[in-house]
Protein chains: 2
Amino acid sequence: MLYIGIDLGATSAKVGVVDESGRILCKSSCKTGIERGFEPIAADMAETCRRVVRESGHTLEEIVAVGVGIPGEQNRKTGLVAFCNNLGWVDVPLMERLQTALGIPVYVDNDANVAALAESAFGASKDVSTSILVTLGTGIGGGIVQNRRLHTGAHGVGGEIGHMVVAMDGEDCNCGHRGCWEKYASATALIRMGRELMRAKPGCALASRLEGDESRVDAKAVLDLAKEGDADCLKIFNTYVHYLCIGLGNLVNVYDPDMFVLGGGVAHAGAFLLDAVRAALGNYVYCPSLSFARVELATLGNDAGIIGAAMLGRKD
Amino acid sequence: MLYIGIDLGATSAKVGVVDESGRILCKSSCKTGIERGFEPIAADMAETCRRVVRESGHTLEEIVAVGVGIPGEQNRKTGLVAFCNNLGWVDVPLMERLQTALGIPVYVDNDANVAALAESAFGASKDVSTSILVTLGTGIGGGIVQNRRLHTGAHGVGGEIGHMVVAMDGEDCNCGHRGCWEKYASATALIRMGRELMRAKPGCALASRLEGDESRVDAKAVLDLAKEGDADCLKIFNTYVHYLCIGLGNLVNVYDPDMFVLGGGVAHAGAFLLDAVRAALGNYVYCPSLSFARVELATLGNDAGIIGAAMLGRKD
């Protein structure tokens, strides 16, 4: 069985032909070009699918289904993409256009959901039945997998773990609400704390390493110095782990998965982050004397988007 | 098919014989007497089961299973009650003792979970497949029902929605953590806000109605005055609805049930509470343009504990 997976982003749409075992046989991409609006983007995506299938040495007739991970929300009821903020889309018929152009069933879901599905099928959480992927990037994305299927809820609006409020009446979030988890535990939050440090303490190691240039602060710079034992960055790191564990603890208390899988830029800190989260998480769950979720790092990296999208069309 | 349901509390254990349709054929209770410790309590519970079955005109042989709702947590791994804070129990073999005494399979689960199961089987949420019961009492209890079964998670520690942190580093909670939802949206929180009002404004309508006696503040007093249009209590009520909707919004964003069922003392405010929550909830969900959970009031009242416990042993 062969599938097409599409990882749609604001910059490019990555397209791959994926087999039943999660192997990408062939992949390519096209520029998204969001300024062109929806129709030409959908047409380019379909054309890229045809090209990648051709390059893989297969034919469209061999493809069982096409899956698309979008940086937004699909409306289950209408079949339209409800919104993709970064692409400026509201209620666009992506599923219908691709289906018409390719003559193959098309499935669309949120990109973080899709990545969770990939990790669950072939990655870090492949041996457990329920897992939550937590991608620590610009925001916090997430996907809940239960018994190898996405749990997106009764109306398809669940799994938005980054927008769980952990600090009511706290910091303004892009979503229009306040105090969302991602305002405290995303890579962006880590960067903000790094910049605040540089402003408060211009002689600190971070400022010195980045030559006082706040615009150069990224998660890696802060995490690297924390690893090296710099007291200021270690303090930021500990605060960050506190914020991260508050949200993970909430997910244990409410949902109780077998495993958390940490992905996204911050997870590149590897064992340094993992060890800290594992050591702290027990302090944030309601019943620390009972078993609770293991924490692991994502293993599929950037390919999770294509692989997981492809798996949207896989039948049990 | 007949079942026994036991609703164990710190004051009494209520025991009922329940049929397949959720009807309580006969019920009785025994004093818990927590000062006696575990063994005599378990023995009295078993004896009350025998008595109630006899009074129902049936025999133990006709009982398929016994279910117990406990004010604490059952350890799935060991089969022991991990803890019941109000009863002072830690790791006690309740399941084993009752099973030995009665010769019938025994199931034990958290009391709020059990009530959620009852509402889902025969109450407010009987026509939907996923629902979350939110009991607004001394704390906030909760239970998640998915496809007519309890979702208690991979380790049985999920569904503790009252201990979802919504105000990190906020008010101290009995559980040892800070900023738990129940510190803001339980009946206890409403009472605290009422007392604060009386202290800050001794001439307010609440103080006048309760003759300045803070100890007489209960949820009903505050809610009644809010219903009557008293500006001070209405302000408390609106704050309370804000806190309540933050948690409900989180549960939509993470879990996305078909329905929330509101129970417990605060829910006695009825349509006044329901209308306010329904009007506000859209302001707290990530995707208000998409459908999200309906909100209803619990319908089974105090019997939910016995009925739901009985249903723990029901096979599909």
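Our structure's up above, just so we're on the same page.
Residues numbered from 1 in each chain as written. Chains lettered and ligands numbered in written order. Predicted model: local features only at pLDDT ≥ 70, side-chain atom pairs only at ≥ 80, totals over all residues. Heavy atoms only, no water.

Q: Help me out: how do you make sense of the overall build of chain A in this one?
A: When helices and strands are counted, chain A shows 10 helices and 13 strands. In terms of C-alpha radius of gyration, chain A reaches 20 Å, essentially the compact-globule figure of 20 Å for 316 residues. Burial statistics for chain A: of 316 residues in total, 60% are counted as buried. Of all intrachain contacts in chain A linking residues separated by at least 6 positions in sequence, the fraction that spans at least 24 positions is 61%. Working note: accessible area of chain A is about 12300 Å², and carbon and sulfur atoms make up 49% of it. Considering chain A, the positive charge centre built from 29 side chains and the negative charge centre built from 37 side chains are found 1 Å apart. (Helix = DSSP H or I, 4+ residues; strand = E, 2+ residues; numbered from the N terminus. Rg over C-alpha atoms; globule rule 2.2 N^0.38 Å. Buried < 20%, exposed > 50% of the residue type's maximum accessible area, 1.4 Å probe, protein only. Contact = heavy atoms within 4.5 Å. Areas by Shrake-Rupley, 256 points an atom, 1.4 Å probe, with all protein chains shown as cover. Lys, Arg positive; Asp, Glu negative; His and termini not counted. Charge placed at Lys NZ, Arg CZ, Asp CG, Glu CD.)

Q: How should I be thinking about the pattern of salt bridges in this particular structure?
A: In a structure, side chains of opposite charge can pair up when their charged atoms sit close to one another. Residue and element names in this part refer to chain A. For the structure on display, the rule yields 38 salt bridges over all chains. Its salt-bridge partner being Glu55, residue Arg51 comes within 3.7 Å of it at the nearest N-O pair. In this pair, Arg51 and Glu55 are both assigned in helix H1 (residues 38–55), four residues apart and thus about one turn of the helix distant. Taking relative accessible area as the criterion, Glu55 reaches 47% and is therefore assigned partly exposed. The network of salt bridges with common partners includes Glu39, Glu96 and Arg97. (Salt bridge = Lys/Arg side-chain N within 4 Å of Asp/Glu carboxyl O.)

Q: I would appreciate a short explanation of the packing of helix H5 (residues 187–200) of chain B against helix H8 (residues 231–254) of chain B in the present structure.
A: All names here are of chain B. Viewed as axis vectors pointing N to C, H5 and H8 meet at an angle of 145°, and their least axial separation amounts to 10 Å. The hand of the H5/H8 crossing is right-handed. In this structure, H5 uses Leu190, Met193, Gly194 and Leu197 to contact H8, whose residues at the interface are Asp232, Cys233, Ile236, Thr239, Tyr240 and Tyr243. Partitioned by chemical class, the residues of the contact of H5 with H8 number seven nonpolar, two polar and one charged. (Axes fitted to C-alpha atoms, helices over the stretch in contact; angles between N-to-C directions. Left-handed = near helix turned anticlockwise from the far one by under 90°. Nonpolar A, V, L, I, M, F, W, Y, C, P; charged D, E, K, R; others polar.)

Q: Is there a simple way to explain the packing of aromatic side chains in this structure?
A: Aromatic rings considered in pairs are described by the distance between their centres and by the relative angle of their planes. Following the criterion strictly, the structure yields nine aromatic pairs over all chains and no others. Ring geometry for Tyr184 of chain A against Tyr243 of chain A: centres 5.5 Å apart, planes inclined by 75°, an arrangement best described as edge-to-face. Of this pair, Tyr184 of chain A sits in helix H4 (residues 182–185) while Tyr243 of chain A sits in helix H8 (residues 231–254); the two residues are 59 residues apart in sequence, bridging distant segments of the chain. Tyr243 of chain A gets classed as buried once you look at its relative accessible area, which sits at 16%. When the centroid spacing of 6.1 Å and the interplanar angle of 45° are considered together, the rings of Tyr255 of chain A and Tyr255 of chain B count as tilted. On the criterion of chain membership, the pair formed by Tyr255 of chain A in the loop between H8 and strand S12 (259–263) and Tyr255 of chain B in the loop between H8 and strand S12 (259–263) is interchain, its members lying in two chains. Across the pair, Tyr255 of chain B and Tyr255 of chain A agree in class, each one buried. (Phe/Tyr/Trp six-rings, centres within 6.5 Å; stacked < 30°, edge-to-face > 60°.)

Q: Can you help me understand the relation of the copies chain B and chain A in this one?
A: Each of the two chain copies goes to the other by way of a rotation about an axis and a shift along it. Of the transformation placing chain B onto chain A, the axial shift is 0.0 Å and the rotation is 180°, giving an RMSD of 0.0 Å. Viewed as a symmetry operation, the transformation between the two copies matches a two-fold axis. (Least-squares fit on C-alpha atoms with pLDDT ≥ 70 in both.)

Q: Just checking my understanding: could you explain the interface of chain B and chain A for this structure?
A: Quite often, the size of an interface is put as the accessible area lost when its parts meet. Counting residues at the interface gives 51 residues for chain B, matched by 51 residues for chain A. Here chain B meets chain A over a buried area of about 4200 Å², counting both sides, of which 62% is carbon and sulfur. Per-residue buried area on chain B facing chain A is highest for Met168, Val254 and Tyr286 of chain B; these three make up 19% of the total on that side. Counting across the chain B and chain A interface gives zero salt bridges. Applying the counting criterion to the chain B and chain A interface returns 30 residue pairs in polar contact (both at pLDDT 80 or more). (Buried area = accessible area lost by both parts, 1.4 Å probe. Polar contact = N/O pair within 3.5 Å; in protein donor to acceptor, adjacent residues only side chain to side chain.)

Q: Could you clarify how one ought to interpret the sheet that holds strand S8 (residues 106–110) of chain B in this entry?
A: One key point about sheets: their strands pair by backbone hydrogen bonds, in either a parallel or an antiparallel sense. Residue and element names in this part refer to chain B. Strands sit in the order S3-S2-S1-S4-S8 across an open sheet of five strands; the sheet is mixed. The open sheet has two edge strands with one neighbour each: strand S3 (24–31) and S8. Within this sheet the neighbouring strands show an average axis-to-axis angle of 20°, counted without direction. With seven bridges joining them, strand S2 (residues 12–19) and S3 adopt antiparallel strand pairing. When the bridges of S3 are listed, Ala13 appears paired with Cys30. Sheet strands in contact with helix H2 (residues 94–102) are strand S1 (2–8), strand S4 (63–70) and S8, and its direction is about 150° off that of S8. The sheet strands contacting helix H10 (residues 304–311) are S1, S2, S3 and S4, and the helix crosses S1 at an angle near 130°. (Pairing = 2+ DSSP bridges.)

Q: Would you mind showing me how to read the environment of Phe260 of chain B here?
A: All names here are of chain B. Note on placement: Phe260 falls in strand S12. Here Phe260 falls in the buried class, since its relative accessible area comes to 0%. With 34 residues separating them along the chain, Phe260 and Arg294 place their C-alpha atoms 6.2 Å apart. Beyond its immediate chain neighbours, meaning those up to four positions away, Phe260 contacts Ile132, Val134, Leu248, Leu251, Val252, Leu281, Ala293, Arg294, Val295 and Glu296.

Q: Is there a simple way to explain the sheet that holds strand S13 (residues 294–297) of chain B in this structure?
A: All names here are of chain B. Strand order across the open sheet formed by five strands is S11-S10-S9-S12-S13, with mixed pairing between neighbours. Looking at which strands have only one partner, the edges of the open sheet turn out to be strand S11 (149–150) and S13. Pairing of strand S10 (residues 140–146) with S11 involves two bridges; the strand directions are antiparallel. Within S11, the residue paired with Gln146 across the bridge is Arg149. Across the sheet, helix H3 (residues 111–122) is in contact with strand S9 (130–136), S10, S11 and S12; its angle to S10 comes to roughly 50°.

Q: Quick question: what am I supposed to make of the pairing of S12 of chain A here?
A: The side chains of a regular strand alternate between both faces of the sheet. All names here are of chain A. Most of S12 sits inside the fold, with five of its five residues counted as buried. Of the two faces of S12, the one lined by Met259, Val261 and Gly263 and the one lined by Phe260 and Leu262 are each fully buried. Pairing analysis gives five bridges linking strand S9 (residues 130–136) to S12, with the strands arranged parallel. Among the inter-strand pairings, Thr135 is bridged to a residue of S12, identified as Gly263. A crossover connection joins S12 to the parallel strand S13 (residues 294–297) through helix H9 (residues 271–281); in handedness this β-α-β unit is right-handed. (Right-handed = clockwise from strand over helix to strand, strands pointing away.)

Q: Could you clarify how one ought to interpret the nonpolar core in this entry?
A: The tendency in soluble globular proteins is for nonpolar side chains to be buried as a group. One finds Trp181 and Leu273 of chain A together with Trp181 and Leu273 of chain B to be the most contacted residues of the largest nonpolar core, which totals 129 residues. The residues contacting Leu273 of chain A, other than those within four sequence positions of it, are Leu136, Phe237, Tyr240, Val241, Leu244, Leu262, Val266 and Ala267 of chain A. (Core = buried A, V, L, I, M, F, W, Y, C linked by side-chain atoms within 4.5 Å.)

Q: Just checking my understanding: could you explain the packing of H5 of chain B against helix H7 (residues 219–227) of chain B for this structure?
A: Geometrically, a packed helix pair is captured by the angle between its two axes and the distance between the axes. All names here are of chain B. Packing of H5 against H7 brings their axes to within 8 Å, and their N-to-C directions diverge by 70°. Judged by the angle between their axes, H5 and H7 are roughly perpendicular. Considering how the two elements wind past one another, H5 and H7 form a crossing that is left-handed. In this structure, H5 contributes Ala187, Leu190, Ile191 and Gly194 to the contact, and H7 contributes Ala219, Val222 and Leu223. Among the residues forming the contact of H5 with H7, the class breakdown is six nonpolar, one polar and no charged. (Parallel < 35°, antiparallel > 145°, perpendicular 65-115°, else oblique.)

Everything listed here is a matter of geometry and, on its own, says nothing about what the molecule does.
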